[in-house]
Amino acid sequence: MLCRWSGLLRGARALLLLRAGCPSAVSSRPCRALRSPASPGLGWVSARACSTRAAHTHEEPPPSPPPRTLVSHPESVPGSASRHEFQADTKKLLDIVARSLYSEKEVFIRELISNGSDALEKLRHKLMSEGKTLPDLEIHLETDAQKGTISIQDTGIGMNQEELLSNLGTIAKSGSKAFLDMLQNQGEATSKIIGQFGVGFYSAFMVADRVEVFSQAAESGNPGCCWRSDGSGTFEISEASGVQTGTKIILYLKEDCKEFASEERVKEVITKYSNFIGYPLYLNGQRINTLQALWMMEPKDIGDWQHKEFYRFIAQAYDEPRYILHYKTDAPLNIRSIFYVPEVKPSMFDVSRELGSSVALYSRKVLILTKAADILPKWLRFLRGVVDSEDVPLNLSRELLQESHLIRKLRNVLQQRLIKFFIDQSKKDPQKYAKFFEDYGLFMREGIVTIAEQDVKEDIAKLLRYESSALPAGQLTSLPEYASRMSAGSRNIYYLCAPNRHLAEHSPYFEAMKKKDAEVLFCYEQFDELTLLHLREFDKKKLMSVETDIVVDHYKEEKFEENRPAEECLSSQDAEDLLAWMRNVLGPRVTAIKVTPRLDTHPAMITVLEMGAARHLLRMQQLAKTSEERAQILQPTLEINTGHALIKKLHQLRTSEPELAQMLLDQIYDNAMIAAGLNDDPRPVVTRLNELLTRMLEKH
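Here's what I pulled together on the structure shown here. (Residues numbered from 1 in each chain as written. Predicted model: local features only at pLDDT ≥ 70, side-chain atom pairs only at ≥ 80, totals over all residues. Heavy atoms only, no water.)

The next subject is helix 15 (residues 528–535). The element helix 15 is largely enclosed, with a buried count of 8 among its 8 residues. When we look at burial in helix 15, the residues that qualify are Asp-528, Glu-529, Leu-530, Thr-531, Leu-532, Leu-533, His-534 and Leu-535. At the C-terminal side of helix 15, Arg-536 shows a positive phi close to 70°. (Buried < 20%, exposed > 50% of the residue type's maximum accessible area, 1.4 Å probe, protein only. Helix = DSSP H or I, 4+ residues; strand = E, 2+ residues; numbered from the N terminus.)

Looking now at the sheet that holds strand 15 (residues 466–468). One open sheet accounts for 6 strands, arranged 16-15-18-17-20-19; its pairing is mixed. Only two strands of the sheet have a single neighbouring strand rather than two, namely strand 16 (476–477) and strand 19 (537–538). Bridging between strand 17 (residues 492–497) and strand 20 (residues 541–545) involves 4 bridges; their strand directions are parallel. Bridge assignment links Tyr-494 to a residue of strand 20, and that residue is Met-544. Across the sheet, helix 15 is in contact with strand 15, strand 17, strand 18 (520–523), strand 19 and strand 20; its angle to strand 17 comes to roughly 160°. (Pairing = 2+ DSSP bridges. Contact = heavy atoms within 4.5 Å. Axes fitted to C-alpha atoms, helices over the stretch in contact; angles between N-to-C directions.)

Pairing is mixed in the open sheet, where 5 strands are placed in the order 10-11-14-12-13. What marks the edges here is a single partner per strand, and that holds for strand 10 (321–329) and strand 13 (366–369). Pairs of neighbouring strands in the sheet enclose a mean axial angle of 25°, with direction left out of account. Bridge count between strand 11 (residues 335–342) and strand 14 (residues 384–388): 5 bridges; the pairing is antiparallel. From the neighbouring strand, Ile-338 faces strand 14, where its bridge partner is Val-386. On the sheet, helix 7 (residues 304–315) packs against strand 10, strand 11, strand 12 (358–363) and strand 14 and is oriented at approximately 85° with respect to strand 11.

Counting residues in hydrophobic clusters, the biggest one holds 107 residues, and the most contacted among them are Leu-383, Phe-422, Ile-606 and Leu-638. With residues up to four places along the chain from it excluded, the contact list for Leu-383 reads Phe-339, Tyr-340, Val-341, Ser-358, Val-359, Leu-376, Leu-418 and Phe-422. Core analysis: the next-biggest nonpolar cluster, separate from the first, contains 64 residues, Val-107, Cys-257, Ala-261 and Ile-302 among them. (Core = buried A, V, L, I, M, F, W, Y, C linked by side-chain atoms within 4.5 Å.)

The next subject is the pattern of salt bridges. Where charged atoms from two side chains of opposite charge approach closely, those side chains can pair. In the structure shown here, the tally under the stated rule is 32 salt bridges. Glu-212 is the partner of Arg-210 in a salt bridge, and the nearest nitrogen-oxygen pair spans 2.9 Å. According to the relative accessible area criterion, Glu-212 is buried, its value standing at 7%. Between Arg-228 and Glu-212 there is a salt bridge; the shortest N-O distance is 3.3 Å. With Arg-228 in strand 5 (residues 224–229) and Glu-212 in strand 4 (residues 208–216), this residue pair connects regions lying 16 residues apart in the sequence. Each of Glu-106, Glu-259, Arg-265, Glu-268 and Lys-272 takes part in one network of salt bridges that share partners. (Salt bridge = Lys/Arg side-chain N within 4 Å of Asp/Glu carboxyl O.)

In structure tokens form, the structure reads like this:
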């Protein structure tokens, strides 16, 4: 966490060093994030876990499906096979696809299932356009640990010999892409086709030293066919009998890849990548994908129990979501998404981790990234959920996003929609939102500090909540609400940072503002000061701390003057003499000393250019060890109240008891520094304070 905020402190330090005459020190670069390994996928979650039902709802989850297997006939190749050779360049490309394109071998299951889904979609479209009845559209996987094989079979459109030669003999020729192009030319469209690049099939050679493909085209009159290859440069095509309509792929696994002949291992991969494929998916006769892709459904059709179970699946959590946003749009981008805010308060690990979003990215219901760091800005990393977009630009392996204006646009669209959602929730149930802000407010502060665009900062700032001097204790207000209460012509939003309301209301800085009857926001959290310093303004109104000496410049001193009897204050000459003596005693510990009419009950106060930046700079970076070093950096001004009893007594003691006067002045100065939060260790003051008390008692 210190790493993240150290970048913010550089900005604070720059303000102070500019004051000290060091403009070259300005730097706003954030601390480089320390990347940690990606979290494990969702494979450990059983899909059937999401078919359970919350007891308090009236909805019933679907029953567990019975085991189901295809009626299988052994395929055979009675005739001779024709041998074909991959072209020289194509052979090199095959080697690249099989060995270098994908980072994880397990994705071959995702690719082959996606191809099967596309084949089923093509058959569905063909039969529906012809007005024919649809058969069972399914995908079946079978593992055989003894033989070391895994097979994937679909009941889709299948391929004849010419299509096998064209589609499997030419790498990067996508039949699905051609199918989509045909639909677009006919003025139709479908979002259920997954394939784009025509290379997914060849991922099988990452794990198999031999691949057999049996296919029977759905069109009548075509014989079944067999395609075989060991990936070394040639393949065979021959007629085959006993082939069912659709395509069956058999992979003879390499010795070091026999893990994929294990049912549990394959189930884990399916659950991770292909759990939301739109067609029934069976593994050794057991239905796997029993969980629906809720983000593709209409919100009104989704029950509370479904959201709870889906949240627990996608977030790997056991609590319930406190907020749910189901967002669907087709413009400016195609987006299908669901976002959840966890009920459990985030831990310090959640707050401080440098990883980006925990939202999963899907494309056409196929998992692309378990944690898509670029889909949301980092300050929204507390969200869990899913984003599915057909417009996301993927690389060839579908494992990485290609940074582009589309990704930036998607990120901005989602960010704005989420901000609007939280604003709406704050109006709908202010108390619930107040609890949410208490738990998650640090993320919003981080967003304001780390994002460069002022308009986005101000949008996030609408989510901030503070107590106000104009409202009862415990009641929160927002910056837009504060602005709505400002009198005509007012240009500043004032705030005061203090540990609690009592200290804020009894602060010398607030005392000065009470005379003006000006509303002041009370900020209690550690990083509120830096947040508001980085925000700078809101709705064309400047954000100003009442502790900074800039506030004095905005109000002429005569505006604070009251009809105080002259005998209550030191005369002008006495005040000048006292100030000269104080400058001599305090020396380099202060830059200036002056009389202020802003105080009544306090004898003195310290002002600096940027109080919030000064406090964090000294507290967290500890650059100044002595009061002189602090003064050189901060250049503080000591403002005194010449009507206060301590100041008048100090004026008397400076001539009668100079030693005691010096001790009293040191105490007044240290008290002011402590009140300003610029003295991180007040313990050395205690000895002097005890001595002052002793002398006071001796006089009585």
